[in-house]
Amino acid sequence: MPHKMEERYKSYIRSVRPYEPGKPIKELERELGLHHVIKLASNENPLGPSRKALRAMRRALREVHLYPESKCHYLVKRLSQELGIGENQLIIGNGSNEIIELLARGFVSEGDRVISSETTFLVYPILTQVMGAEYVGVPMKNFRFDLQGILNAITGRTRLIFIANPNNPTGTYVTTQEVEDFIARVPKDVIVCFDEAYVDFVEAADFPHMIFHAKTEKPNIVILRTFSKAYGLAGARVGYGLGAPSMIEYLHKIRQPFNVNSVAQAGAAAALDDRFFLWRTKHLVSSGRRYLAKRFEKLGLRHIPSQANFILVDVGRDAEEVFQALLRKGMIVRSMKAYGLSTWIRVTIGRRSQNAQFYRLLKSYLEKRS
Ligand SMILES: *Cc1c(COP(=O)(O)O)cnc(C)c1O
């Protein structure tokens, strides 16, 4: 029954289709009465959290009656040392998603334009729509961001451009040369946000070192990073933005006073110290990526070479069906149907046994159906 209040709902927010997260393990276990569900759907760290981070978070719990450091003083200091960048060039968020939101709230108004790719992180179009702005998703070129296409889409109302590098869900990247050419041609009053959620998994030599741009303090360049993937802290919600001091100061004005909780701050700082954990994670992802790529070739399935901790693969039949079939076997992956890739699924690199189990289930399903 429509009620009076509904007239007050903003039409452009009402029409937003909410972000659909990967199916939680516990939920599927309840539904199927299973106990060993494997989730390779949200690009989380298959090793779990680092022990050092866990210890630090337990310690931080003892002071959870106190408000956290508002500006994440210690974590900022650690990151500043780690990256060789000024403390005034860093802002910590409740996940890097919060920094995306700060950019949207800080720069995007009704009727403005935000540009990214047609096939990328769904949070960009959602937050754009929430601001009443127009999202332009430029089609991929060969599963990669089409930077020329993005340049062509820029208008006088364009405020923000998101470039996920490497991109989710394709795992592809844009090169140093491409990025240099792009930055040289983007108007200086348009923000270019490089979302580097997966940067820790990159092995390609021609991947751009965006930190260099942050050091030169270009006022319209923002870089996003996160503790959710390689650092194993997705549930703690910590990410950060890097940019010119003027940009960071502006974003600080928008955030809530205590946006990152004290337990998460402690965990993130300790995770930075756990070099061995990071090394193990990178190694696992690198070898798992090669393993799955080889298996897909064996099955004759097209896949996209990935620089991230997931792979996009064309299963040659309805992705939703394959997703459901794997689900019934206790394996959660992502169907890419919502992205218009109706026969593709995205699988996160897991532990060795998990990758092997995924391969077995996929193979047996495809054999039964052929
Ligand atoms: C996973 C992911 C993030 C991380 O978001 P958090 O809020 O830091 O957990 C950001 N961008 C992209 C493209 C991602 O896939």
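Since this is a predicted model, take the numbers as computed values, not measurements.

(A) Region of interest: the overall build of the protein chain. From N to C terminus, the protein chain includes 14 helices and twelve strands. On the principal axes, the C-alpha backbone points of the protein chain span a range of 60 × 55 × 50 Å. In the protein chain, which comprises 370 residues, the proportion classed as buried is 56%. Here the contacts in the protein chain between residues at least 6 apart in sequence split such that 74% fall between residues at least 24 apart. As displayed, the protein chain offers around 17,700 Å² of accessible surface, 52% of which is attributable to carbon and sulfur atoms. Considering the protein chain, the positive charge centre built from 54 side chains and the negative charge centre built from 37 side chains are found 6 Å apart.

(B) Quick look at the pattern of salt bridges. Evaluated as defined, the whole model comprises 16 salt bridges. Asp112 is the partner of Arg159 in a salt bridge, and the nearest nitrogen-oxygen pair spans 3.5 Å. In this pair, Arg159 is assigned in strand β5 (residues 158-164) and Asp112 in the loop between α5 (96-107) and β3 (113-117), connecting sequence segments 47 residues apart. Glu178 is paired through a salt bridge with Arg144; the nearest N and O atoms lie 2.6 Å apart. With Glu178 in helix α8 (residues 176-185) and Arg144 in the loop between β4 (134-138) and α7 (147-153), this pair connects stretches of sequence that are 34 residues apart. Residue classification places Glu178 among the partly exposed positions, given a relative accessible area of 29%.

(C) Spatial organisation of helix α12 (residues 275-298). For α12, with 24 residues, the first-to-last C-alpha span of 35 Å sits near the 34 Å given by 1.5 Å per residue. If you check which residues of α12 are buried, you get Phe277, Leu278, Thr281, Leu284, Val285, Ser286, Gly288, Arg289, Leu292, Ala293 and Phe296.

(D) Summary view of the domain arrangement of the protein chain. When the domains of the protein chain are assigned, the result is domain 1 (4-48 + 276-369) and domain 2 (51-271). Between the C-alpha centres of domain 1 and domain 2 there is a distance of 24 Å. Facing the 33 residues of domain 1 at the interface are 32 residues of domain 2. Between domain 1 and domain 2 lies a buried interface of about 2,600 Å² when both sides are counted; carbon and sulfur atoms form 64% of it. Broken down residue by residue, the surface that domain 1 buries against domain 2 is led by Tyr12, Gln307 and Tyr339, which jointly contribute 27%. Summed over the shared surface of domain 1 and domain 2, the result is one salt bridge. Linking domain 1 with domain 2 are ten residue pairs in polar contact (both at pLDDT 80 or more).

(E) Region of the structure containing the sheet that holds strand β2 (residues 90-93). Taken in spatial order, the seven strands line up as β2-β8-β7-β6-β5-β3-β4 in an open sheet, and their pairing is mixed. Of all strands in the sheet, those bounded by a partner on one side alone are β2 and β4. Strand-to-strand twist of the sheet, defined as the mean angle between neighbouring strand axes without regard to direction, takes the value 20°. Where β3 and β4 come together, five bridges link them in parallel fashion. What sits directly across from Arg113, in β4, is Glu134.

(F) Focus on the site of the ligand. In the vicinity of the ligand there are 13 residues, among which Asn97, Tyr198, Thr226, Ser228 and Lys229 approach most closely. Contacts to the ligand include Asn168, whose side-chain N or O atom sits 2.7 Å from an oxygen atom. In the complex, 94% of the free accessible area of the ligand, which totals 390 Å², lies under the protein chains.

(G) Quick peek at the packing of helix α4 (residues 73-83) against helix α11 (residues 262-273). In contact at an axis separation of 9 Å, α4 and α11 are set at 25° when each is read in the N-to-C sense. In terms of orientation, α4 lies roughly parallel with respect to α11. Between α4 and α11 the crossing geometry is left-handed. Across from Tyr74, Leu75, Arg78, Leu79 and Glu82 in α4, the residues of α11 making contact are Gln265, Ala268, Ala269, Leu272 and Asp273. Of the residues that constitute the contact of α4 with α11, the class distribution is six nonpolar, one polar and three charged.

(H) Up close: the packing of helix α13 (residues 319-328) against helix α14 (residues 352-369). Contact geometry of α13 with α14 gives a least axis separation of 10 Å together with a crossing angle of 120°. Taken together, the axis directions place α13 and α14 in an arrangement best described as oblique. When you trace α13 past α14, the crossing you get is right-handed. Across from Glu321, Val322, Ala325 and Leu326 in α13, the residues of α14 making contact are Phe358, Leu361, Leu362, Tyr365 and Arg369. Across the contact of α13 with α14, the residue classes tally to seven nonpolar, no polar and two charged.

(I) Local environment of the layout of surface pockets. Considered as a void within the structure, the largest pocket measures approximately 820 Å³ in volume. Taken together, 42 residues make up the lining of the largest pocket; nearest its centre are Ser42, Asn43, Glu44, Lys229 and Ala234. Elements supplying a minimum of two residues to the lining of the largest pocket: β1 (38-39), α5, α6 (123-130) and β12 (344-348). Partitioning the lining of the largest pocket into residue classes produces 19 nonpolar, 15 polar and eight charged.

What counts and how
- Residues numbered from 1 in each chain as written.
- Predicted model: local features only at pLDDT ≥ 70, side-chain atom pairs only at ≥ 80, totals over all residues.
- Heavy atoms only, no water.
- Helix = DSSP H or I, 4+ residues; strand = E, 2+ residues; numbered from the N terminus.
- Buried < 20%, exposed > 50% of the residue type's maximum accessible area, 1.4 Å probe, protein only.
- Contact = heavy atoms within 4.5 Å.
- Areas by Shrake-Rupley, 256 points an atom, 1.4 Å probe, with all protein chains shown as cover.
- Lys, Arg positive; Asp, Glu negative; His and termini not counted.
- Charge placed at Lys NZ, Arg CZ, Asp CG, Glu CD.
- Salt bridge = Lys/Arg side-chain N within 4 Å of Asp/Glu carboxyl O.
- Expected span 1.5 Å × (residues − 1).
- Domains from an automatic or database assignment.
- Buried area = accessible area lost by both parts, 1.4 Å probe.
- Polar contact = N/O pair within 3.5 Å; in protein donor to acceptor, adjacent residues only side chain to side chain.
- Pairing = 2+ DSSP bridges.
- Axes fitted to C-alpha atoms, helices over the stretch in contact; angles between N-to-C directions.
- Near = heavy atom within 4 Å.
- Parallel < 35°, antiparallel > 145°, perpendicular 65-115°, else oblique.
- Left-handed = near helix turned anticlockwise from the far one by under 90°.
- Nonpolar A, V, L, I, M, F, W, Y, C, P; charged D, E, K, R; others polar.
- 1 Å grid on protein atoms, 1.4 Å probe; cavity = no way out; pocket = protein on both sides within 12 Å on 5 of 7 lines; lining within 4 Å.
- Points joined across faces, edges and corners; volume = space filled by probe spheres on them.

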